[in-house]
Amino acid sequence: MFTEECFYLRGIDQSCNISAATGWCFYLDTYENQAGRIFVFVFFGFLASLMYSDFFMTEKQYRIFSISTVRSSGFQEYLRAGGIVIFVGVFLTYLCFFLVSQLLMFILFPADGHFFGHINTPEYRVPITLDMGVFPELRYNFPYLHNLIFIFWSSIWAGILALISFASSFFIKNRLVVLAVPQLLLLFLSMILPMKYQPIYQLYPGVNYMGSSALGFFILPLLLLSGAVAVIWNQTKKGKELIL
């Protein structure tokens, strides 16, 4: 993504430079960043689940539970602790990735740029419709804080999707399907829900779509998190029946 922007910006007039906030490679509408789109629309959920989410299947397959649970307070607690590790581990991994991607933008762009050719005009001074995106006023007045919100919330999304993958591993025996469940869920919800509630568009600060809902931005992932936690909690109540 960073490399793609480097090639795109080669030879561009300096007066057209935007800020590092708007030039962030996950501002997918800014330069039509194709690598970023592929990451969000194809690999976001898959990579989130790839890191840890199949640990239940792996430990069951190689019969590691009998060894692992000796050092823990019990089988149920071991699995629930595994769920916490999955969420926190994936969240921190994505958080570091997004933060580094934002810091790299300072190599390409100034901290305070212009808005697409409006020479010497700060972005927040250009009159633009303020109902685009989830937090439009924040975007124009505090662009870096706006990006940090998306960095933090997208990382939480990654952790939630990893937990959903973990929860599905109690029912699905095919490892590849388990890893694909989060991305398939993202795409499915994005097809059936109205655009302002579609999760795939809440993972990055879009500017080319209208009427995004802050309520949907917060409520949908919390509902999915609650569902995943409920499934994991109920399944772990079965104890060692799960590995028989």
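Owing to the predicted nature of the structure, the values given are computational and were not obtained by experimental measurement. (Residues numbered from 1 in each chain as written. Predicted model: local features only at pLDDT ≥ 70, side-chain atom pairs only at ≥ 80, totals over all residues. Heavy atoms only, no water.)

Participant: An account of the packing of helix α7 (residues 143–168) against helix α8 (residues 175–192) is requested, with residue identities and associated values reported.
Facilitator: With their axes 8 Å apart at the nearest point, α7 and α8 run at an angle of 125 degrees to one another. Viewed along their axes, α7 and α8 adopt a mutual orientation that is oblique. α8 is crossed by α7, and the crossing has right-handed handedness. The segment α7 lies against α8, with Trp157, Leu161, Ile164, Ser165 and Ser168 engaging Val178, Leu179, Val181, Pro182, Leu185 and Leu186. Looking at side-chain class alone, the contact of α7 with α8 contains 9 nonpolar, 2 polar and no charged residues. (Axes fitted to C-alpha atoms, helices over the stretch in contact; angles between N-to-C directions. Helix = DSSP H or I, 4+ residues; strand = E, 2+ residues; numbered from the N terminus. Parallel < 35°, antiparallel > 145°, perpendicular 65-115°, else oblique. Left-handed = near helix turned anticlockwise from the far one by under 90°. Contact = heavy atoms within 4.5 Å. Nonpolar A, V, L, I, M, F, W, Y, C, P; charged D, E, K, R; others polar.)

Participant: For the side chain of Ser154, give the residues involved together with the corresponding values.
Facilitator: Mapped onto the elements of the fold, Ser154 is located in helix α7. When its relative accessible area of 2% is taken as the criterion, Ser154 is described as buried. (Buried < 20%, exposed > 50% of the residue type's maximum accessible area, 1.4 Å probe, protein only.)

Participant: Tell me about the packing of aromatic side chains, and name the residues and values.
Facilitator: Taken as a whole, this structure holds 12 aromatic pairs when the rule is applied. Between Arg80 and the ring centre of Trp233, over which it is positioned, the NZ or CZ distance is 3.6 Å. (Phe/Tyr/Trp six-rings, centres within 6.5 Å; stacked < 30°, edge-to-face > 60°. Lys NZ or Arg CZ within 6 Å of the ring centre and 35° of its normal.)

Participant: Describe a nonpolar patch on the surface, with residues and values.
Facilitator: A cluster of nonpolar side chains, namely Ile38, Val42, Phe43, Leu47 and Leu50, defines an oily patch on the protein surface of about 390 Å² accessible area. Topologically, Val42 is positioned in helix α2 (residues 34–52). Val42 sits in the partly exposed class, given a relative accessible area of 43%. (Patch = residues over 30% accessible without salt bridge, like charges linked within 9 Å, V, L, I, M, F, W, Y side chains within 5 Å. Areas by Shrake-Rupley, 256 points an atom, 1.4 Å probe, with all protein chains shown as cover. Salt bridge = Lys/Arg side-chain N within 4 Å of Asp/Glu carboxyl O.)

Participant: Account for the nonpolar core, with residues named and values stated.
Facilitator: The tendency in soluble globular proteins is for nonpolar side chains to be buried as a group. Among the nonpolar cores identified, the biggest contains 47 residues, and Trp24, Phe44, Tyr94, Phe98 and Trp157 are the most heavily contacted of them. At the level of secondary structure, the elements contributing two or more residues to this core comprise α2, α5 (75–108), α7, α8 and α9 (214–236). The dominant element in this core, judged by the number of residues it contributes, is α7, at 13 residues. Those residues within four positions of Phe44 in sequence are excluded, and the remaining contacts are Phe39, Tyr94, Phe98, Ser154, Trp157, Ala158, Leu161, Gln183, Leu186 and Leu203. (Core = buried A, V, L, I, M, F, W, Y, C linked by side-chain atoms within 4.5 Å.)

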